[in-house]
Amino acid sequence: MTKRTKLIAGNWKMNNGSAETREFFSKLETWLASDEIGKKAAEAVRSGDIEIAVAPVFTSIHAAVAARQSELVGISAQNAYFEPNGAFTGEIALQMLEEAGCKYVILGHSERRHVFGESDDLLQKKLAAALSSNLLPIFCVGELLSDRESGRTNDVIKTQLSCAWQNADSEAVGERAVIAYEPVWAIGTGKTASLGDAQNACAFIRELTAECFGIKTAEKIRILYGGSVKAENSAGILAQKDVDGLLIGGASVEAESFARIIATAV
Ligand code: 13P
């Protein structure tokens, strides 16, 4: 069976300016270097058992890269545009993020979809561009409460993913794509999906991947759960067979609570 490295990623959303970012890294790296569990986590990163990432706002990416003392924590962007340059005021290219020191880029987060109106069609272009860049896309899917209540969870996930994957290259998907299942009703609400619901949705995403790209790609792709994750529930979620990591919002903004979640993954 293919080993999938667990990814523990923090999405700071619109939080943590440069000074807070420096403070976060100073605390997290001290924890990784000198706390007993922190040292275990650092060792797990070095041996490829887990990956740790944080996604600062664009203007804090430089501070994050400069504040890092080691490569133990990867940097992610929260969004990107699919064109490499041009007249796209307010947008940022994947190549620029890579140049700034990013390793990952979050795409299709529910706040991008529902607050900023990003469509499946736009996200398909973004994912295709990310898969042919050097960044690892963390592509988010998930249903609204009304979808879940009307029994449409799998339909929504299927529509979002099948649009996103049009024209995607199977090898690139298996090697580099990460999918995050984030039920919208669980984001920032304190309501977490039950362990069974998280597992079922992630297993369904793996099944869809197998249908689209074959079993080998499906075994390689990493699928994260996101939505009100905290240290009290993270171990149970991570223990689910098809859950390969976590995408954490509120509980990742401060180093102490992010570290407590990392501790449950090692
Ligand atoms: P919360 O962990 O704050 O619910 O946010 C989840 C999320 O949207 C991560 O991308």
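Before any of the text, the structure's been laid out above.
Residues numbered from 1 in each chain as written. Predicted model: local features only at pLDDT ≥ 70, side-chain atom pairs only at ≥ 80, totals over all residues. Heavy atoms only, no water.

Trainee: Quick question: what am I supposed to make of the site of the ligand here?
Mentor: Of all residues adjacent to the ligand, which total 13 residues, the nearest are Lys-13, His-109, Gly-188, Ser-228 and Gly-250. Between the ligand and Glu-182 there is a distance of 2.9 Å, counted from an oxygen atom to a side-chain nitrogen or oxygen. Between the ligand and Ser-228, the relevant distance is 2.8 Å, taken from an oxygen atom to a main-chain nitrogen or oxygen of the residue. Against a free-state accessible area of 300 Å², the protein chains account for coverage of 95% of the ligand. Grouping the amino acids of the shell around the ligand by side-chain chemistry returns four nonpolar, seven polar and two charged. (Near = heavy atom within 4 Å. Polar contact = N/O pair within 3.5 Å; in protein donor to acceptor, adjacent residues only side chain to side chain. Areas by Shrake-Rupley, 256 points an atom, 1.4 Å probe, with all protein chains shown as cover. Nonpolar A, V, L, I, M, F, W, Y, C, P; charged D, E, K, R; others polar.)

Trainee: Would you mind showing me how to read the packing of helix 1 (residues 18-34) against helix 13 (residues 255-263) here?
Mentor: Describing two packed helices takes the angle between their axes plus the distance from one axis to the other. Here helix 1 crosses helix 13 at 35°, and the two axes come no closer than 9 Å. With respect to the hand of their crossing, helix 1 and helix 13 are arranged in right-handed fashion. Here Phe-24, Lys-27, Leu-28 and Trp-31 of helix 1 come into contact with helix 13, specifically with Ala-255, Glu-256, Phe-258, Ala-259, Ile-262 and Ala-263. When grouped by side-chain class, the residues that make up the contact of helix 1 with helix 13 number eight nonpolar, no polar and two charged. (Axes fitted to C-alpha atoms, helices over the stretch in contact; angles between N-to-C directions. Helix = DSSP H or I, 4+ residues; strand = E, 2+ residues; numbered from the N terminus. Left-handed = near helix turned anticlockwise from the far one by under 90°. Contact = heavy atoms within 4.5 Å.)

Trainee: I tried to follow empty space enclosed by the protein on my own but got confused; where do I start?
Mentor: Taken as a whole and assessed by the stated rule, the structure comprises one cavity of 30 Å³ or more. What the largest cavity holds in volume is close to 40 Å³. The wall of the largest cavity is formed by Gly-108, His-109, Ser-110, Arg-113, His-114, Cys-140, Val-141, Gly-142, Gln-160, Glu-182 and Val-184. Of all the elements in the fold, those that place two or more residues in the lining of the largest cavity are helix 5 (110-114) and strand 5 (136-141). Ranked by residues supplied to the lining of the largest cavity, first place goes to helix 5 with three residues. (1 Å grid on protein atoms, 1.4 Å probe; cavity = no way out; pocket = protein on both sides within 12 Å on 5 of 7 lines; lining within 4 Å. Points joined across faces, edges and corners; volume = space filled by probe spheres on them.)

Trainee: Sorry if this is basic, but what is going on with the sheet that holds strand 3 (residues 73-77) here?
Mentor: The strand order 1-2-3-4-5-6-7-8 describes a closed barrel built from eight strands, whose pairing is parallel. The sheet shows a mean angle of 25° between the axes of neighbouring strands, direction not considered. Both strand 7 (residues 222-226) and strand 8 (residues 245-248) contribute to a ladder of two bridges, which runs parallel. In the strand pairing of strand 8, Tyr-225 is matched with Leu-246. (Pairing = 2+ DSSP bridges.)

Trainee: Sorry, what's going on with the nonpolar core here?
Mentor: Nonpolar side chains tend to gather and get buried jointly when the protein is soluble and globular. Of all hydrophobic cores here, the largest spans 72 residues; its most connected members are Leu-28 and Trp-165. Counting residues per element, this core draws most heavily on helix 10 (residues 195-213), at seven residues. Not counting the four nearest positions on each side in its chain, Leu-28 is found in contact with Val-73, Ala-255, Phe-258, Ala-259 and Ile-262. Formed by 13 residues, the second largest nonpolar core is a distinct cluster that contains Leu-7, Ala-53, Ala-55 and Val-178. (Core = buried A, V, L, I, M, F, W, Y, C linked by side-chain atoms within 4.5 Å. Buried < 20%, exposed > 50% of the residue type's maximum accessible area, 1.4 Å probe, protein only.)

Trainee: Even after reading the chapter, I still don't get the layout of surface pockets, so can you show me in this structure?
Mentor: Rolling a probe over the atoms, with the probe sized like a water molecule, indicates the empty space that remains. Taken as a whole, the largest pocket holds about 340 Å³ of empty space. What lines the largest pocket is a set of 13 residues, and nearest its centre among them are Lys-13, Met-14, Gln-78, Arg-112 and Phe-116. Among the residues making up the lining of the largest pocket, the classes are represented as six nonpolar, four polar and three charged. A volume near 180 Å³ is recorded for the second largest pocket. Taken together, 11 residues make up the lining of the second largest pocket; nearest its centre are Arg-4, Arg-206, Glu-219, Lys-241 and Asp-242.

Trainee: What exactly am I supposed to notice about the pairing of strand 5 here?
Mentor: Residues in a regular strand project their side chains so that they alternate between the two faces of the sheet. Most of strand 5 sits out of view: six of its six residues are buried. Of the two faces of strand 5, the one lined by Leu-136, Ile-138 and Cys-140 and the one lined by Pro-137, Phe-139 and Val-141 are each fully buried. Bridge count for strand 5 against strand 6 (residues 178-181) is four bridges, and the pairing is parallel. Residue pairing in the sheet places Ile-138 in a bridge with Val-178 of strand 6.

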